[in-house]
Structure formats: C-alpha cells, structure tokens
Amino acid sequence: MKGALDTALTYLSRRILSRYELVQRLTKKGFSEQEINSALERLLEWGYINDQEYARAYCLSKQANHSKKRISYDLKGRGIQEHIVEHVFEENYQPEQEIELCFKHAQKIWTEESRRWESSYQHKKSYEKIPREVFLKLKVGQKLMQKGYPQDMVQLIIERVLKM
C-alpha cells in the first residue's frame, strides 16, 4: 500500500494543489493525521506545496474571466489564508482591469439578452408591460452581480453600456 507521501506526490503530479486541498484528499484516503503531517513537512521542505504560488497562479489564470470577489471566494474555499489572497491581489490585480472585464461581460450579456428579448420574451404575456430597456438592465445587472462584481460598479457599467 502506498504511503501518504507517495499518494500526495501522485496528486501533485496531476495538478498543483493548496495545502488544504492536499490534506482533504489525504484524509479522505484514510491516512492518519501523523502520516499527513509528516508528508506535508517533507513536501514543504522540497517546495512542492506553496499556497502563495498556488494563489498567484490561480489568480493569473482566472483574472481574465472572473471578478476579484469571485477569485477571492474561490481561493478561500481552497484553504488559502486571507492575507495571502490580499497580497496576491496587490501584486497581480489592477482595479481598472476589473472595470474593463465587467464592461466586456456587460456588453456580451446585453447582446445575448437582447436576442432573447426579440425572440421570446417580448411575445410572452407576463413581460408585455415591461419596457425592453428596463428588462435588459435588470437581467444584465443580475448576471453581473452573480459573477461577483460590486453593485456600484455594475450600475456604472450598465449606464456606460446604455450610452453606446
């Protein structure tokens, strides 16, 4: 039977994992806390586990499509400590970048929802009293908020999209 260290190395050979994720997987495999701690010490010593690097790589890979809030939430869910998340954002995430990404998403959603309005919503009885622009603003706002953008940014971006 493989030991905790061998199992951990197998996991890490497939993809980078945070310390928390690795502990979760090893615990699920049935290894004792002592075996897991011993394996983690070795992996940390060798530099195979580094939550700072993990968070940086994750942020860089996701920042083109996800809001800062969403990335932060995902990293915390993967066991990355708050101070590491903040440090990574300071180094790698520009506020203007998030505004432009929100604008790009808003344009795309506006176009999609406009098509939906034309093809089906405007013909439904339940939507007949709702003006097209109000409907689109609501839909775009909801979807941007679901993506993790702050409400004040969403309002500004929707106004910007309307001016186009």
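Note that the structure is a prediction, hence the values are computed from the model and not measured. (Residues numbered from 1 in each chain as written. Predicted model: local features only at pLDDT ≥ 70, side-chain atom pairs only at ≥ 80, totals over all residues. Heavy atoms only, no water.)

Asker: Any details on helix 3 (residues 33-46)? Residues and values, ideally.
Answerer: Helical periodicity: at 3.6 residues per turn, an α-helix aligns residues three or four positions apart in one direction. Compared with an ideal rise of 1.5 Å per residue, which puts 14 residues at 20 Å, helix 3 spans 20 Å between its outermost C-alpha atoms and is within 8% of the ideal. What helix 3 keeps buried is the set I36, A39, L40 and L43. The arc enclosing the buried residues of helix 3, seen along the axis, measures out at 105°, which places them on a common side. Turned more than 90 degrees away from the buried face of helix 3 sit Q34, E41 and E45, all of them exposed. On its buried face, helix 3 is in contact with helix 1 (4-14) and helix 2 (19-28). Two residues or fewer after helix 3 comes G47, characterised by a positive phi angle close to 80°. (Helix = DSSP H or I, 4+ residues; strand = E, 2+ residues; numbered from the N terminus. Expected span 1.5 Å × (residues − 1). Buried < 20%, exposed > 50% of the residue type's maximum accessible area, 1.4 Å probe, protein only. Arc of directions from axis to C-beta. Contact = heavy atoms within 4.5 Å.)

Asker: How would you sum up the packing of aromatic side chains? Please name residues and give values.
Answerer: In total, this model carries two aromatic pairs according to the counting rule given. Each ring, one from Y54 and one from Y58, has its centre 6.3 Å from the other, and the planes form 20°; the classification is stacked. With Y54 and Y58 both in helix 4 (residues 51-62) and four residues apart, the pair spans about one turn of that helix. With relative accessibility at 10%, the residue Y58 sits in the buried group. Over the ring of Y11 we find R25; its NZ or CZ atom is 5.5 Å from the centre of that ring. Residue placement shows R160 over the ring face of F103; its charged tip is 3.8 Å from the ring centre. (Phe/Tyr/Trp six-rings, centres within 6.5 Å; stacked < 30°, edge-to-face > 60°. Lys NZ or Arg CZ within 6 Å of the ring centre and 35° of its normal.)

Asker: Lay out the environment of M145 in plain terms, naming residues and giving numbers.
Answerer: Along the chain, the position of M145 falls in helix 8 (residues 132-146). You can call M145 partly exposed: its relative accessible area is 38%. Counting along the chain gives 43 residues from M145 to C102, while the straight-line C-alpha distance between them is 9.9 Å. Contacts of M145, omitting those with residues within four sequence positions, involve P150, Q151 and V154.

Asker: Lay out the pattern of salt bridges with the relevant residues and their values.
Answerer: For the structure on display, the rule yields nine salt bridges. The salt bridge involving K143 is made with E113; its shortest N-O contact spans 2.7 Å. With K143 in helix 8 and E113 in helix 7 (residues 95-119), the pair connects residues that are 30 residues apart, well separated along the chain. A relative accessible area of 1% means that E113 is categorised as buried. Residues joined by salt bridges that share partners form a network here, namely R15, E21 and R78. (Salt bridge = Lys/Arg side-chain N within 4 Å of Asp/Glu carboxyl O.)

Asker: Could you give an account of the state of the cysteines, naming the residues involved and the relevant values?
Answerer: Within the structure shown, the criterion is met by zero disulfides. You can see C59 has no disulfide; the closest cysteine sulfur is in C102, sitting 17 Å from it. (Disulfide = S-S within 2.5 Å.)

Asker: Let's hear about the packing of helix 1 against helix 2: which residues, and what values?
Answerer: Their axes nearest at 10 Å, the elements helix 1 and helix 2 cross at an angle of 125°. As far as their axial angle goes, helix 2 and helix 1 are oblique. Crossing geometry of helix 1 relative to helix 2 is assigned as right-handed. Between helix 1 and helix 2, the residues in contact are A4, T7, A8, Y11 and L12 and L22, R25 and L26, respectively. Here the contact of helix 1 with helix 2 is built from residues that sort into six nonpolar, one polar and one charged. (Axes fitted to C-alpha atoms, helices over the stretch in contact; angles between N-to-C directions. Parallel < 35°, antiparallel > 145°, perpendicular 65-115°, else oblique. Left-handed = near helix turned anticlockwise from the far one by under 90°. Nonpolar A, V, L, I, M, F, W, Y, C, P; charged D, E, K, R; others polar.)

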